[in-house]
Structure formats: structure tokens, C-alpha cells
Amino acid sequence: MPPRAGSERTRPAGDGPGAVRAGLCAALLLLLALPLLLSASTPGASSPPADEPEARLGHAVYQRRCARCHATGMHREGPAHCGVVGRAAATQPGFRYSEALRRSGITWTPAELDAWLSDPESRVPGQAMDVQVSSPVARRRLIAYLATLEPCTPVAARRP
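Anyway, here's the lowdown on the structure attached to this text. This one's a predicted model, so the numbers in the text were calculated from it and none came from an experiment. (Residues numbered from 1 in each chain as written. Predicted model: local features only at pLDDT ≥ 70, side-chain atom pairs only at ≥ 80, totals over all residues. Heavy atoms only, no water.)

1. Here we look at the overall build of the chain
Here comes step 1: On a plain count of helices and strands, the chain comes out with 6 helices and 2 strands.
Here comes step 2: Listing the helices and strands of the chain from first to last along the sequence gives α-α-β-α-α-α-α-β.
Here comes step 3: Residues classed as buried in the chain amount to 32% of the 160 residues present.
Here comes step 4: When contacts within the chain are restricted to residue pairs at least 6 apart in sequence, long-range pairs at least 24 apart make up 50% of them.
Here comes step 5: Accessible surface, the chain: about 10400 Å² in total, of which carbon and sulfur atoms supply 59%. (Helix = DSSP H or I, 4+ residues; strand = E, 2+ residues; numbered from the N terminus. Buried < 20%, exposed > 50% of the residue type's maximum accessible area, 1.4 Å probe, protein only. Contact = heavy atoms within 4.5 Å. Areas by Shrake-Rupley, 256 points an atom, 1.4 Å probe, with all protein chains shown as cover.)

2. Some remarks on the nonpolar core
Here comes step 1: Counting 23 residues, the largest nonpolar core has Tyr62, Leu101, Trp108, Leu142 and Leu146 as the members making the most contacts within it.
Here comes step 2: Secondary-structure elements contributing two or more residues to this core are helix 2 (53-65), helix 3 (99-102), helix 4 (110-118) and helix 6 (136-146).
Here comes step 3: With residues near it in sequence (within four places) discarded, Leu146 still touches Tyr62, His81, Val84 and Val85. (Core = buried A, V, L, I, M, F, W, Y, C linked by side-chain atoms within 4.5 Å.)

3. What to know about helix 2
Here comes step 1: Between its first and last C-alpha atoms helix 2 spans 18 Å; for 13 residues at 1.5 Å apiece the expected length is 18 Å, and the two agree.
Here comes step 2: All of the buried residues along helix 2 are Ala55, Gly58, Val61 and Tyr62. Angular distribution of buried residues about the axis of helix 2 spans 105 degrees; they occupy a single face of the element.
Here comes step 3: Tucked inside the fold, the buried residues of helix 2 contact helix 6. (Expected span 1.5 Å × (residues − 1). Arc of directions from axis to C-beta.)

4. What to know about helix 4
Three- or four-residue spacings in an α-helix give side chains the same orientation, since the helix completes a turn every 3.6 residues.
Here comes step 1: Taken together, the buried positions of helix 4 are occupied by Glu112, Leu113, Trp116 and Leu117. Down the axis of helix 4, the sector holding all buried residues measures 125 degrees, keeping them to one side.

5. Description of unusual backbone geometry
Here comes step 1: One non-glycine residue, Ala90, lies in the positive phi region at around 65 degrees.
Here comes step 2: Within the fold, Ala90 resides in the loop between strand 1 (74-75) and helix 3.

6. Some details on the layout of surface pockets
Here comes step 1: Roughly 610 Å³ of internal volume is contained in the largest pocket.
Here comes step 2: His70, Gly78, Pro79, Trp116 and Met129 are, among the 35 residues lining the largest pocket, the residues nearest its centre.
Here comes step 3: Elements supplying a minimum of two residues to the lining of the largest pocket: helix 2, helix 4 and helix 6.
Here comes step 4: A total of 3 residues in the lining of the largest pocket trace back to one element, the largest contributor, which is helix 4.
Here comes step 5: Class assignment of the residues belonging to the lining of the largest pocket gives a composition of 22 nonpolar, 8 polar and 5 charged. (1 Å grid on protein atoms, 1.4 Å probe; cavity = no way out; pocket = protein on both sides within 12 Å on 5 of 7 lines; lining within 4 Å. Points joined across faces, edges and corners; volume = space filled by probe spheres on them. Nonpolar A, V, L, I, M, F, W, Y, C, P; charged D, E, K, R; others polar.)

7. Focus: the packing of aromatic side chains
Here comes step 1: A full pass over the atoms with the stated rule returns 3 aromatic pairs.
Here comes step 2: Taken together, a centroid distance of 4.9 Å and an interplanar angle of 70 degrees make the contact between Phe95 and Tyr97 edge-to-face.
Here comes step 3: Taking the relative accessible area as the measure of exposure, Phe95 reaches 21% and is therefore partly exposed. (Phe/Tyr/Trp six-rings, centres within 6.5 Å; stacked < 30°, edge-to-face > 60°.)

8. Digging into the packing of helix 2 against helix 6
Here comes step 1: Two elements in contact, helix 2 and helix 6, have axes whose closest approach is 7 Å; the angle formed by their N-to-C orientations is 100 degrees. The orientation of helix 2 relative to helix 6 falls into the category roughly perpendicular. Taken together, the residues of helix 6 that come into contact with helix 2 (itself represented by Glu54, Ala55, Leu57, Gly58, His59, Val61 and Tyr62) are Ala138, Arg140, Arg141, Leu142, Ala144, Tyr145 and Leu146.
Here comes step 2: Classifying every residue of the contact of helix 2 with helix 6 gives 9 nonpolar, 2 polar and 3 charged. (Axes fitted to C-alpha atoms, helices over the stretch in contact; angles between N-to-C directions. Parallel < 35°, antiparallel > 145°, perpendicular 65-115°, else oblique.)

9. Observations regarding the state of the cysteines
Here comes step 1: The final tally for this structure, using the stated rule, is 1 disulfide.
Here comes step 2: Between the sulfur atoms of Cys82 and its disulfide mate Cys152 the distance is 2.0 Å. Disulfide Cys82-Cys152: torsion about the S-S bond near -60 degrees, hence left-handed. Taken together, the residues span a long stretch of sequence, with Cys82 in the loop between strand 1 and helix 3 and Cys152 in the loop between helix 6 and strand 2 (155-156) at a distance of 70 residues. Note on accessibility: Cys82 and Cys152 belong to one class, buried.
Here comes step 3: As a non-bridged cysteine, Cys66 has Cys69 as the owner of its nearest cysteine sulfur, 9.0 Å distant. (Disulfide = S-S within 2.5 Å.)

The quantities given are spatial measurements derived from coordinates; they are silent on function.
Written out as C-alpha cells, the structure reads:
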């Protein structure tokens, strides 16, 4: 039996089960894309290529061991790491490096990074970094990740 005139309930456009389902799908897509969107908006940020398992594992090492003081696209307590592999030490614009590191003459090759990360103070006495990565496997993975980072012009971190 057809509804009587005037008794039919009208729904606003976009209301109903189909619209709710579409809204949930849109929200899920946004949540899945959020890490990609955030990394794209950070200068120098990079995710390791999917075909480089060492770099992916190195990203996890970076998050655990380095991200407390460093970032890829901005200076924090330590300098930005964007484009670090192949760059001369203490040359990233906008960061105040220790005198010892400025005079070191180091270029951040994978071999030099390995030596530095194993014991920064023995490599450059008087430098300011007090973290070591003792595991050769963790250093290899970390350096593989750092090699994926594109050069950038870092911005200073906003401090509260």
C-alpha cells in the first residue's frame, strides 16, 4: 500500500545507511593516508622504499634511538638528518654545531657514520652527542635508512 500523502517521512540529502557507510569509508581512508600525508608535509621526511628491508628496519632503529633528539626535516636538540649521507659534517644551515665537529673535516659516508655511531666521542673528542649504537646490525640498518633521506633545507623546531 502506498504511503498517504503527507505521511511520508523525508530524509535530508546524505542521510541514511548508504551515507553512513560512505562516511565511514572516507574516515578509514583518511586514517590510512594520514602517515603519508604527514610525512609529505615535513621537509626532508622520507619513508624507505618498500624493496629495501634494511632501510625499513633502520627507520624503526631511528625512531627508537635518534628521534628523541633529531628529526629528518627540522633541527631539534640535534641537527636535521635530511640528506646526511654524503654531506660534510657540521654544515647543515641553521644549526649550531660543536667546535670539535666543525673542525673534524668528516664527510658522512656510510663507513664514517658507522664509526661515528659506534662511539662518537672517540671519533671526535669534544663533540656534543652522547648516544652510541653498539650493535653493528642496528648501525647498518640505521645507515641504510639515513641513505634514503633526501637533502632539504631544514626549519628550526618550534619550541613551546
